[in-house]
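Below, each chain spelled out in residue letters.
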Amino acid sequence: MNFLLSEDQLAFVAAIEDLLRDRCDAQQVHRIFDVEGEARFDAGLWAGLVEMGLPAIFVPEDRGGLGLGMVDLAIVAELLGTYAAPVPWFGHALATVAITLGGSDAQKAQWLPRLAAGEVLATVAFGEGGGAWFPDQWQLVATGGLSGRKMLVPNAAEADLIVVGVAEGLALVEKGAAYRTERVDSGDRTRPVDTLSFDGAAAELLADGMAARDRLADAAAVLLAADAFGGAERCVKMSVDYAGMREQYGQPVAAFQGLRYQLVAMALATEPGRGLYWYAAHAWDALPEKAAHAAAQAKAHLTDTYLQITRDTVEAHGGIGFTWEHDTHIYMKRAMLDWAWMGSPSRHRLRAADLAGW
Amino acid sequence: MELGFGAEYDSFRQEVRDFIAGHWPPADGDLKSREHERAFVIAAIERGYLHRAIPKRFGGSEQEPDIGKAEIIREELTRARAPAGRIPGNGLVVPTLLEWGTEEQKARFIAPTLRGDIVWAQGFSEPNAGSDLAALRTRAELVGDRWIINGQKIWTTHAHKATHMFCLVRTEPDASKHGGISYLLVDIRQPGVTVRPLIQMTRQKEFNEVFFDNAETPADMLVGERGKGWNVTRSTLKHERSGIATMTWSLSMFRDLVKLAKEVERDGRPAIKDPRIREELAAIEGELMSLTYSTYRATSHDMHGRDIGWFQTMPKLYMTELAGRIAKLARDIVEDDFTDMGGARLKWIERFMISLSMSIAGGTSNIQRNIIAERSLGLPRDKVQGAGA
């Protein structure tokens, strides 16, 4: 049985992890998190990750990319989740998926090489508020100029190119078009989001956007699930490590069965989720009839779990876990965004039920 | 990444299928015949399909370890509902005999056990020695060339069907708790042994109390050294186990649950259309998919010699909790029929209870938690008694 990562994939994530360990330690994340004013990303770290090819993963080789698949994107998403990396990768990666799937030859030629090289920063705009995240709920219309609002758009203020989900499919909007961004005072300051207000903005439809948009929404769900797994697992490990270190009544608190069983429950809720997000990514790549259902299940289960695990992590740490200086709240706020972005677990479960034909 | 075993296993699967088709079901269609079952098992051993880790001279088929092949054989046998040569206690005693038994014990017991001619019960637990197994008190005294055994075992699965028992007994009353225990083989079809079935809360009979009243077994039925029985029990079942079989069991229970939710009407529509039922069903499916694909991952890692990581110790507890969640949703679906032991939903009432036995048998859930804490999370050993000692 070969349900496992290839040697190349293992080497790729190991190299990225080396960089993250070096340049995205907890102190650095706190520094970025605590910048006064509007949240922003870590430009130095992003440059390093660009150099390693992170924006190029999904871009076809003949467009200057690595020509890899959803599994490769997902294992990278896991790592960025593990380190709570403050970089604009999520929206950018989804934009590469959108254009690769839905772009005309000319659109691919125009954008993909520059997206792969990180010369152009891109993002995606899906949500229209009130839980309207899925393509069949998109009301905005591109034809004749794009007007209306998109919510929680990752790094819209910094983006040079925005892939906007619209009633006709997917539309490209370039920086300088008629739109305003307003940075949301979002909990997760590692991945800033904006409210986008279009006012008759020039928008170019992707040639096959209608066919690509459901796949793109599934891709978003898979990558959020992978981020959630990485973050949740890091929280469990942090809690386990702390329990071994912290002493009370003359012994490490890990010796107390009550806490041990809490830690076990956290690990048990988290670790098996790895198989689920792997499967969802694999299904996206290779099992088209299963992909939407698997993505919905992975998004629901992993983001639900992640948020709960961050609560448990506070409990496992006691007072220090409740403070701003501790790492837990950074993960909790990432978990909040993973939970909310693309729709709540409850919505995804009901969607999975529909897709299962129940 | 792929979910199957890869093309190199396709021809093996076909071979196994062809073999089974030629042997099962038997020509006369009698699926219950013990003789047919025996003949099939013997043929499958000769072909190298069953008892693959056991040397040929002891009646096994002595194959190179290959989880992929073992899993394909299991799948194909299950598909054809053919005998798999598995009797619960037998699978536990054979590896122990291979590791610790004398040549004579191996020659005498292993082959008949593999063929199912000898059926073993496990005599470990006692009324006051459950999770703390080493507290056991059943004693055996060597008188001349025979061990004389007195005491009581409990939770002895299928003892009423067994011919023999492998058991732990206290032979060195003055030694330490763990150091006074020996591992004995006993023929339980003798006057000194009384087997009394215990009726489970489901009304079924699977396990028993076994009383020893001056029961006897020859001196050479000792496995390993005197007083070293605790070590003997720790010989691990190091063979081709993938966990896929247990996962398949959860999958089939879930499929039944979906069927139930479609069948049962509540408030004028099938229960499955109720958003609350629907959402819980999907949540359970999410956990089941986690178990399923992590099991595939674990099996793949095992086959490729990679470390499975934390998941290694988790399947039993995960499945126990999942089975409880499935049983409780079934309860919510059948609602009014939930108390009717004579009604159409008895199967689900039984499952509501049987799912609990998983939290006890084969290491309680709290023992599983200790194992996860120590072996996966690397937490310090419990001060009083470490996991599974």
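What you see is a predicted model; the values in this text were computed from it and never measured.

(A) Spotlight on the overall build of chain B. Scanning chain B from terminus to terminus reveals 11 helices and 10 strands. Its C-alpha atoms give chain B a radius of gyration of 23 Å, near enough to 21 Å, the size a compact globule of 389 residues would have. Principal axes of the C-alpha set define a box for chain B whose edges measure 75 × 50 × 45 Å. Residue burial in chain B is summarised as follows: out of 389 residues, 40% are buried. A sequence separation of at least 24 residues applies to 68% of the contacts in chain B between residues at least 6 apart.

(B) How the structure looks around the overall build of chain A. Broken down by element type, chain A carries 12 helices and 9 strands. Relative to the 2.2 N^0.38 estimate, which gives 21 Å for 358 residues, the radius of gyration of chain A is 20 Å and therefore close to what a compact globule would have. Principal-axis analysis of the C-alpha atoms gives chain A an extent of 70 × 50 × 40 Å. Sorting the 358 residues of chain A into buried and exposed places 56% on the buried side. Contacts in chain A between residues far apart in sequence, at least 24 positions, make up 76% of those at least 6 positions apart.

(C) Fine view of the sheet that holds strand S5 (residues 179–183) of chain A. Residue and element names in this part refer to chain A. If you trace the 3 strands from one edge of the open sheet to the other, you get S2-S6-S5, paired in antiparallel fashion. In this open sheet, the two strands that pair with only one neighbour each are strand S2 (146–154) and S5. Each adjacent strand pair in this sheet contributes to an overall mean axis angle of 15°, direction not counted. The pairing of S2 with strand S6 (residues 193–201) spans 7 bridges and is antiparallel.

(D) View of the nonpolar core. Core analysis: the biggest nonpolar cluster contains 228 residues, and Val-222, Tyr-277 and Ala-280 of chain A have the highest contact counts within it. Not counting chain neighbours up to four residues away, the residues in contact with Ala-280 of chain A comprise Val-222, Ala-225, Ala-294, Ala-295, Gln-297 and Ala-298 of chain A.

(E) Here's a closer look at helix H2 (residues 34–47) of chain B. All names here are of chain B. Look at H2: 20 Å from first C-alpha to last across 14 residues, which is about the 20 Å you get at 1.5 Å a residue. Among all positions in H2, only Glu-37, Phe-40, Val-41, Ala-44 and Ile-45 are buried. All buried residues of H2 project into a common sector of 135° when viewed along the axis, lining one side. Residues of H2 that are exposed and point more than 90 degrees away from the buried face comprise Glu-35 and Glu-46. At the C-terminal side of H2, Gly-48 shows a positive phi close to 90°.

(F) Representation of the environment of Thr-248 of chain B. Residues and elements named next belong to chain B. Among the secondary structure elements, Thr-248 is positioned in helix H7 (residues 244–263). Thr-248 sits in the partly exposed class, given 15 other C-beta atoms within 10 Å. Along the chain, Thr-248 and Glu-75 lie 173 residues apart, while their C-alpha atoms are 9.8 Å from each other.

(G) Expanded view of the pairing of strand S4 (residues 164–170) of chain B. All names here are of chain B. Along S4, 7 of the 7 residues are buried, which leaves the element largely enclosed by surrounding structure. Covered by surrounding structure in S4 are His-164, Phe-166, Leu-168 and Arg-170 together with Met-165, Cys-167 and Val-169, the residues of both alternating faces. Where strand S1 (residues 120–123) meets S4, 4 bridges bridge the pair, whose relative direction is parallel. The residue of S4 that forms the bridge with Trp-120 is His-164.

(H) Focus on the packing of helix H7 (residues 209–245) of chain A against helix H8 (residues 257–270) of chain A. All names here are of chain A. Remark: H7 packs on H8, axes separated minimally by 9 Å, with the N-to-C direction vectors making an angle of 160°. Comparing their axes, H8 and H7 come out roughly antiparallel. Crossing hand, H7 versus H8: left-handed. Contacts between H7 and H8 involve Ala-232, Glu-233, Val-236, Ser-239, Val-240 and Ala-243 on the former and, on the latter, Leu-259, Leu-263, Met-266, Ala-267 and Thr-270.

Calculation rules
- Residues numbered from 1 in each chain as written.
- Chains lettered and ligands numbered in written order.
- Predicted model: local features only at pLDDT ≥ 70, side-chain atom pairs only at ≥ 80, totals over all residues.
- Helix = DSSP H or I, 4+ residues; strand = E, 2+ residues; numbered from the N terminus.
- Rg over C-alpha atoms; globule rule 2.2 N^0.38 Å.
- Buried ≥ 20, exposed ≤ 12 C-beta atoms within 10 Å, placed from the backbone.
- Contact = placed C-beta atoms within 7 Å.
- Pairing = 2+ DSSP bridges.
- Axes fitted to C-alpha atoms, helices over the stretch in contact; angles between N-to-C directions.
- Core = buried A, V, L, I, M, F, W, Y, C linked by C-beta atoms within 7 Å.
- Expected span 1.5 Å × (residues − 1).
- Arc of directions from axis to C-beta.
- Parallel < 35°, antiparallel > 145°, perpendicular 65-115°, else oblique.
- Left-handed = near helix turned anticlockwise from the far one by under 90°.

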